[in-house]
Amino acid sequence: MTVSFDEKARRIQENLAQVRCRLAEAARRSGRSPDQVRITAVTKYVGLEEIRLLVEAGCRLLGESRPQALWAKADALADLPICWHLVGHLQRNKVARTLPVVQMIQSVDSLRLIEALDAEARRRQKPIPVLLEVNISGEAAKTGLPPQEIEPILAQLPRFPYVQVQGLMTLAGLEGGLDRARREFAALRNLRDRLRTVCPEGVRLDELSMGMSGDFEAAVEEGATIVRIGSALFEGVLPG
Ligand SMILES: *Cc1c(COP(=O)(O)O)cnc(C)c1O
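A. Representation of the site of the ligand within the structure. Every residue lining the ligand is accounted for by V42, K44, Y45, S65, V87, L171, M212, S213, R228, I229, G230 and S231. For the ligand, an oxygen atom lies 2.6 Å from a polar atom in the side chain of K44. Within the side chain of R228, a nitrogen or oxygen atom sits 2.8 Å from a nitrogen atom of the ligand. Protein contact buries 89% of the 390 Å² of open area that the ligand shows by itself.

B. Region of the structure containing the nonpolar core. Residues I105, L117 and L154 are the most contacted members of the largest nonpolar core, which totals 72 residues. Beyond its immediate chain neighbours, meaning those up to four positions away, I105 contacts L86, L90, L99, L117, I128, P129, V130 and L131. Counting residues in hydrophobic clusters, the runner-up holds five residues, among them M104, L131, M169 and I226.

C. Highlighting unusual backbone geometry. One non-glycine residue, Q125, adopts positive backbone phi at about 55°. The phi dihedral of L205 falls on the positive side, at around 55°, and the residue is not glycine. Summarising the element assignment, L205 is placed in the loop between α7 (177-196) and β7 (207-209). Accessibility expressed as a relative area gives 1% for L205, which makes it buried.

D. Spotlight on the packing of helix α1 (residues 5-29) against helix α2 (residues 48-56). The N-to-C vectors of α1 and α2 enclose an angle of 45°; their axes lie 9 Å apart at closest approach. Overall, the two elements α1 and α2 adopt an arrangement that is oblique. Seen along the crossing, α1 lies across α2 with a hand that is right-handed. Across from F5, K8, A9 and I12 in α1, the residues of α2 making contact are E49, E50, L53 and L54. Across the contact of α1 with α2, the residue classes break down as five nonpolar, no polar and three charged.

E. Structural view of the environment of A41. Considering the arrangement of structural elements, one finds A41 in strand β1 (residues 38-42). Taking C-alpha positions, A41 is 9.6 Å from W84, a pair spaced 43 residues apart along the chain. Apart from residues lying up to four places away in sequence, A41 is in contact with L54, C59, L61, L62, G63, I229 and L233.

F. The arrangement of α2 in detail. Taken together, the buried positions of α2 are occupied by E50, I51, L53, L54 and V55. Phi for G58, located one or two positions after α2, is positive at around 120°.

G. Structural detail: the pairing of strand β2 (residues 61-64). Here β2 shows two buried faces, one formed by L61 and G63 and the other by L62 and E64. Where β1 lies against β2, two bridges are found, and the strand directions are parallel. Residue pairing in the sheet places V42 in a bridge with G63 of β2. Bridging between β2 and strand β3 (residues 83-86) involves four bridges; their strand directions are parallel. From the neighbouring strand, L62 faces β3, where its bridge partner is W84.

H. The arrangement of the environment of E235 in detail. Tracing the chain through its elements places E235 in the segment after β8 (226-229). Along the primary structure E235 and G88 are separated by 147 residues, whereas in three dimensions their C-alpha atoms are 22 Å apart. Setting aside anything within four residues of it in sequence, one finds E235 in contact with R11 and N15.

Reading guide: rules and limits
- Residues numbered from 1 in each chain as written.
- Predicted model: local features only at pLDDT ≥ 70, side-chain atom pairs only at ≥ 80, totals over all residues.
- Heavy atoms only, no water.
- Near = heavy atom within 4 Å.
- Polar contact = N/O pair within 3.5 Å; in protein donor to acceptor, adjacent residues only side chain to side chain.
- Areas by Shrake-Rupley, 256 points an atom, 1.4 Å probe, with all protein chains shown as cover.
- Core = buried A, V, L, I, M, F, W, Y, C linked by side-chain atoms within 4.5 Å.
- Buried < 20%, exposed > 50% of the residue type's maximum accessible area, 1.4 Å probe, protein only.
- Contact = heavy atoms within 4.5 Å.
- Helix = DSSP H or I, 4+ residues; strand = E, 2+ residues; numbered from the N terminus.
- Axes fitted to C-alpha atoms, helices over the stretch in contact; angles between N-to-C directions.
- Parallel < 35°, antiparallel > 145°, perpendicular 65-115°, else oblique.
- Left-handed = near helix turned anticlockwise from the far one by under 90°.
- Nonpolar A, V, L, I, M, F, W, Y, C, P; charged D, E, K, R; others polar.
- Pairing = 2+ DSSP bridges.

Here is the structure:
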């Protein structure tokens, strides 16, 4: 069964309205303002047509997890006012091709990557905003830096002035359900609060990117400033 263009457009508008509404309620429940939380719409499941509909529906901040897919989509959609964020692993040999198309890399996971980003951003004379990805759940299969490795990296940042670390990002563990996800989001916020007291001057760690389709309300209640939403935006849009 394929879904007609009009049906896709309608679904995407509805899904986005729903997500915004749930986000606003979660923000209010925790005494925050909804506009303190940005939605990164993760478009890795969909093609160009769906992305165009999403942008028309009012989404400007989009994320992709794989660099090659990001390059292809950014090229094909260069006529649209999209702000692209990379949310997945970046290899150092893909830095040069990635920097021209992204406004932020949410998933920086090593000092060597920071070094490579700094060198390329310096060459371009344009600093790159990033988040450090933290493996807060401690699951072996998870990506990101162990929490105890963040502080030593922060201490190195003055050597890399073209990399602007604006905060932390995490994916909640796959097991343990919503309660565990919530504890991990709280743990990321606590880690951030502690690290703020030891940051080099000028590093503020204002951003917390946490929460996906299944757990973003808990993340907002625990202080997320960025949520990364994929599947909830495309319900009823993809065949099957
Ligand atoms: C796919 C992906 C998301 C979105 O996941 P959904 O559960 O579909 O909302 C968020 N963050 C990252 C890093 C992803 O790869």
